[in-house]
Amino acid sequence: MTTVETTFIHPTAIIDEGAAIGAGTRIWHFAHIMPGCTIGEECSIGQNVVVSPGVVLGRNVKVQNNVSIYTGVTCEDDVFLGPSMVFTNVINPRSAIVRKHQFAPTHVGRGASIGANATVVCGNPIGAYALIGAGAVVTKPVPAYALLVGNPARLIGWVSEYGHRLHFDDNQEATCPESSQVYQLKDNNVTRIR
């Protein structure tokens, strides 16, 4: 186990030997951090969270209560995982058939947020700064800056890096009202241009 003095681990949390935990990370009640996972600096791991072997969480990842992060999931820096959201890791699970060799990876891009009770079906990457609404069920890859809601999740718009809805003008440009960052929509993809 790798820990640093500034790391907080609640006494009820279970940290298995071989888990790597970055400085400044906080791990709360009844969490289980399994061997072979990597948790970056300044993360927050909520109550009843499970982090499975092979999972990689970047810096400043916020995992709310009751989330299980299964083998195959990677999250870049600044990702937010809402309360009780769900990752899967096998497309066709069966209790009587071992499919550990069929885990499908799921990558969550920098700054993305996944709302409470949302489900991400494995193998569908989430683009940087995407915002997945509460209760949504992600069944397809999600582009960067996308705003998705519903079951199955559908694209209803685009958001800035600050999480504000973007409204594009005739030149297909939009400005974030909080940061003044400017974005461009081209070929159904959004990029920050300044």
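As shown above, the structure is provided for reference.
What counts, and at which threshold
Residues numbered from 1 in each chain as written. Predicted model: local features only at pLDDT ≥ 70, side-chain atom pairs only at ≥ 80, totals over all residues. Heavy atoms only, no water. Helix = DSSP H or I, 4+ residues; strand = E, 2+ residues; numbered from the N terminus. Rg over C-alpha atoms; globule rule 2.2 N^0.38 Å. Buried < 20%, exposed > 50% of the residue type's maximum accessible area, 1.4 Å probe, protein only. Contact = heavy atoms within 4.5 Å. Areas by Shrake-Rupley, 256 points an atom, 1.4 Å probe, with all protein chains shown as cover. Lys, Arg positive; Asp, Glu negative; His and termini not counted. Charge placed at Lys NZ, Arg CZ, Asp CG, Glu CD. Core = buried A, V, L, I, M, F, W, Y, C linked by side-chain atoms within 4.5 Å.

Section: the overall build of the protein
Then step 1. Looking only at helices and strands, the protein features zero helices and 24 strands.
Then step 2. Against the compact-globule benchmark of 16 Å for 194 residues, the protein has a radius of gyration of 17 Å, which places it among compact chains.
Then step 3. For the protein, the spread of C-alpha atoms along the three principal axes comes to 55 × 45 × 20 Å.
Then step 4. A total of 194 residues make up the protein; the buried ones form 41% of that total.
Then step 5. Put simply, of all contacts in the protein between residues at least 6 apart along the chain, 15% involve residues at least 24 apart.
Then step 6. When the accessible surface of the protein is split by element, carbon and sulfur atoms take 52% of a total near 9600 Å².
Then step 7. Taken together, the 13 basic and 14 acidic charged side chains of the protein have centroids lying 10 Å from each other.

What about the nonpolar core?
Then step 1. Grouped together as the largest cluster of nonpolar side chains are 48 residues, with contacts concentrated most on I33, I69 and I114.
Then step 2. Elements with a minimum of two residues in this core: strand 12 (73-75), strand 20 (146-149) and strand 23 (182-186).
Then step 3. For I114, the contacting residues outside a window of four places in its chain are F80, L81, G82, M85, F87, V108, V120, I126 and I132.

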